[in-house]
Amino acid sequence: MGSKYRLLPWIEDVLGPLHFQTALDAFSGSGCVAYMLKVMGKSVWANDFLRFTRDLARASVENSSETLDVDEVQHLLSEPASRGSFIEETFKGIFFTDEDNRFLDRVWGHLGDLSPAKKALVLASLYRSCLKRQPRGVFTISSLGRYDDGRRDLRLSLSEHFGESVEVFNRLVFDNGHRHQATRFDVFDLDASGIDLVYLDPPYVPRADDNCYIKRYHFLEGLASYWDGVELHPTSKVRKLRKRFTPFSYRRSADDAFDRLFQRFADSILVLSYSSNGYPDVASLVEMMERYKSSITVHERNHRYHFGTHARVAPARSAVTEYLIVGL
């Protein structure tokens, strides 16, 4: 949801002429923009307040050398000396088959043996596997046995997806000669002193529906910690987690949140990624940014979001204008 993957060539074209060596992606999400910055030869700090998104960045951005070999993958697929059964018991009949759930419990039983980088690679591969195994790529409703249109992703087991996903993440690992980090902080707790450029892609308030990543990806967020220290919503049929507050989710608080955001990172080049279907509007955001920056440039591009695998999203909602608002 909201991934900028298809917009990366355009974003790189906009950022390319700017003079910077260090960059903070403050709402890194899928990690694709942070990874692009690494490919551009920058020293990258990827941050997000969700655990599973931090793991994605830790595997592909922070990690510059470690990969998983065939023997390690085979060991992960074996029965551990001790494993839990939380997933098999808690999510029985909701998203995945019993064998898929046991597979997830089994792999988690091995994670304590791995380095932080390899653990992140395993978790990132599990997240990708779960997303591809889900018919719509989200975890809002029970999907086991539903929406099966014969696609390959729905026929493969989680174990088979995992083997392919490990190969995908292994291929992403490279060293660009700089140090990188992936963290999990609230954006207003970040100290970006000395960072040349701050890229901002917050979960702005949409004009329809909502922007709750927890609602859509709660299973991945729980899997990140094996549901340790998280609270399941007591009435949720799909075992959702309780929603976390963010001021960017509500009109009553969004304007102030953006203003505080621009003020907090005013010493860096500001690059705000935004969409025409969000609140507040672009004119308001430019006016806010002008309080802290002397030169503002707005780049725009038409874009159509492809969210999930269904075709029920109305064209008026999926077709938007994307903006990059650059403050110098």
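I will try to describe carefully the structure that is included in this document. In this text the structure is predicted, and so the values were computed from the model without any measurement.

Attention now goes to the overall build of the protein chain. If you tally the helices and strands in the protein chain, you get 13 helices and nine strands. A globule of 328 residues ought to have a C-alpha radius of gyration of about 20 Å, and the protein chain, at 20 Å, matches this closely. Across its three principal axes, the protein chain shows a C-alpha extent of roughly 60 × 45 × 35 Å. Within the protein chain, the proportion of its 328 residues that are buried is 52%. Partitioning the intrachain contacts of the protein chain with sequence separation of at least 6 by distance along the chain shows that 75% fall at a separation of at least 24. In the form shown here, the protein chain has an accessible surface area of approximately 15,100 Å², with 47% of it arising from carbon and sulfur atoms.

Before going further, it helps to examine the packing of aromatic side chains. Following the criterion strictly, the structure yields 27 aromatic pairs and no others. Ring geometry for Phe258 versus Tyr274: centroids 5.9 Å apart, planes at 85°, classification edge-to-face. Separated by 16 residues along the polypeptide, Phe258 in helix H11 (residues 251–264) and Tyr274 in strand S6 (residues 269–275) bring together distant segments of the chain. Here the two residues Phe258 and Tyr274 agree in accessibility, since each one is buried.

Formed by 43 residues in total, the largest nonpolar core has its most connected members in Leu104, Leu126, Cys130 and Phe219. Elements represented by at least two residues in this core include exactly helix H3 (51–62), helix H4 (70–77), helix H6 (98–108), helix H7 (116–133), helix H9 (158–172) and helix H10 (213–225). The element that contributes the greatest number of residues to this core is H7, accounting for eight residues. Look past the residues within four positions of Cys130 in its chain and what remains in contact with it is Phe96, Leu104, Phe139, Leu158, Phe219, Leu220 and Leu223.

A few words on the packing of H6 against H9. The N-to-C vectors of H6 and H9 enclose an angle of 45°; their axes lie 9 Å apart at closest approach. As the angle between them shows, H6 and H9 are arranged oblique. Packed against H6, whose contacting residues are Asp100, Phe103 and Leu104, the element H9 presents Leu158, Ser159 and Phe162 at the interface. Split into classes, the residues belonging to the contact of H6 with H9 amount to four nonpolar, one polar and one charged.

Before going further, it helps to examine the pattern of salt bridges. Here the structure, examined in full by the defined rule, presents 15 salt bridges. Its salt-bridge partner being Asp201, residue Lys4 comes within 3.1 Å of it at the nearest N-O pair. In this pair, Lys4 sits in the segment before helix H1 (8–15) while Asp201 sits in the loop between strand S4 (197–200) and strand S5 (205–206), placing the two residues 197 residues apart along the sequence. Across the pair, Asp201 and Lys4 agree in class, each one buried. Here Lys92 and Asp98 are joined by a salt bridge, their closest N and O atoms 2.9 Å apart. Residue classification places Asp98 among the partly exposed positions, given a relative accessible area of 28%. Linked by salt bridges that have partners in common, Glu88, Glu99, Arg102 and Arg106 make up one network.

For helix H2 (residues 32–39), a buried count of seven out of eight residues is recorded, marking the element as mostly surrounded by other parts of the structure. Buried within H2 we find Cys32, Val33, Ala34, Tyr35, Met36, Leu37 and Lys38. Tucked into the core, H2 has its buried residues touching H1, strand S1 (22–25), strand S2 (43–47), H3, H9 and S4. With its phi angle positive at about 90°, Gly41 sits one or two positions after the end of H2.

Among the secondary structure elements, Asp186 is positioned in the loop between strand S3 (181–183) and S4. At 2.8 Å, the side chain of Asp186 and the backbone nitrogen of Phe188 are in polar contact.

With that settled, consider the pairing of strand S9 (residues 319–327). Burial runs high along S9: eight of the nine residues are buried. Here six bridges tie S6 to S9, and the two strands are oriented antiparallel to one another. Directly across from Val271, in S9, lies its bridge partner Val326.

Parameters and conventions
- Starting afresh in each chain, residues are numbered from 1 along the sequence in its written order.
- For this predicted model, a pLDDT threshold of at least 70 governs which residues receive local features, and a threshold of 80 or more governs which side-chain atom pairs are given and counted, while totals over whole chains, interfaces and linings are taken from all residues.
- By convention in this description, side-chain values take in all heavy atoms of the structure and omit both hydrogens and water.
- Here a helix means four or more residues in a row that DSSP labels H or I, a strand means two or more in a row labelled E, and each is numbered from the N terminus.
- The globule rule used here is 2.2 Å times the number of residues to the 0.38 power, and the radius of gyration it is set against is calculated over C-alpha atoms.
- Summary of the burial criterion: residues with accessible area below 20% of their type's maximum are buried, those above 50% are exposed, and those between are partly exposed, where the area comes from a 1.4 Å probe applied to protein chains only.
- Only heavy atoms enter the contact rule, under which two residues are in contact if any of them lie within 4.5 Å.
- Accessibility throughout is a Shrake-Rupley quantity obtained with a 1.4 Å probe, and a residue counts as covered only by protein chains that appear here.
- For this analysis, a ring pair means two rings from Phe, Tyr or Trp (six-membered ring only for Trp) whose centres lie within 6.5 Å, classed as stacked if their planes differ by under 30 degrees, edge-to-face if by over 60, and tilted for the remaining angles.
- The criterion is simple. A nonpolar core is a set of buried Ala, Val, Leu, Ile, Met, Phe, Trp, Tyr and Cys residues joined through side-chain atoms within 4.5 Å.
- Convention adopted: a line fitted to C-alpha atoms gives each axis, helices being fitted over their contacting stretch, and angles between N-to-C directions are expressed from 0 to 180 degrees.
- The labels follow the angle: roughly parallel below 35 degrees, roughly antiparallel above 145, roughly perpendicular from 65 to 115, and oblique for the rest.
- In this classification, the charged set is Asp, Glu, Lys and Arg, the nonpolar set is Ala, Val, Leu, Ile, Met, Phe, Trp, Tyr, Cys and Pro, and all remaining amino acids, among them Gly, are polar.
- Salt-bridge detection follows one rule: a side-chain nitrogen of Lys or Arg within 4 Å of a carboxyl oxygen of Asp or Glu.
- The definition of a polar contact used here is a pair of N or O atoms within 3.5 Å, where within protein one atom must be able to donate a hydrogen and the other to accept one, and adjacent residues in sequence count solely through side-chain atom pairs.
- DSSP calls a pair of strands paired once it identifies at least 2 bridges connecting them.

Note that every value here comes from positions in space, so none of it alone points to a role or purpose.
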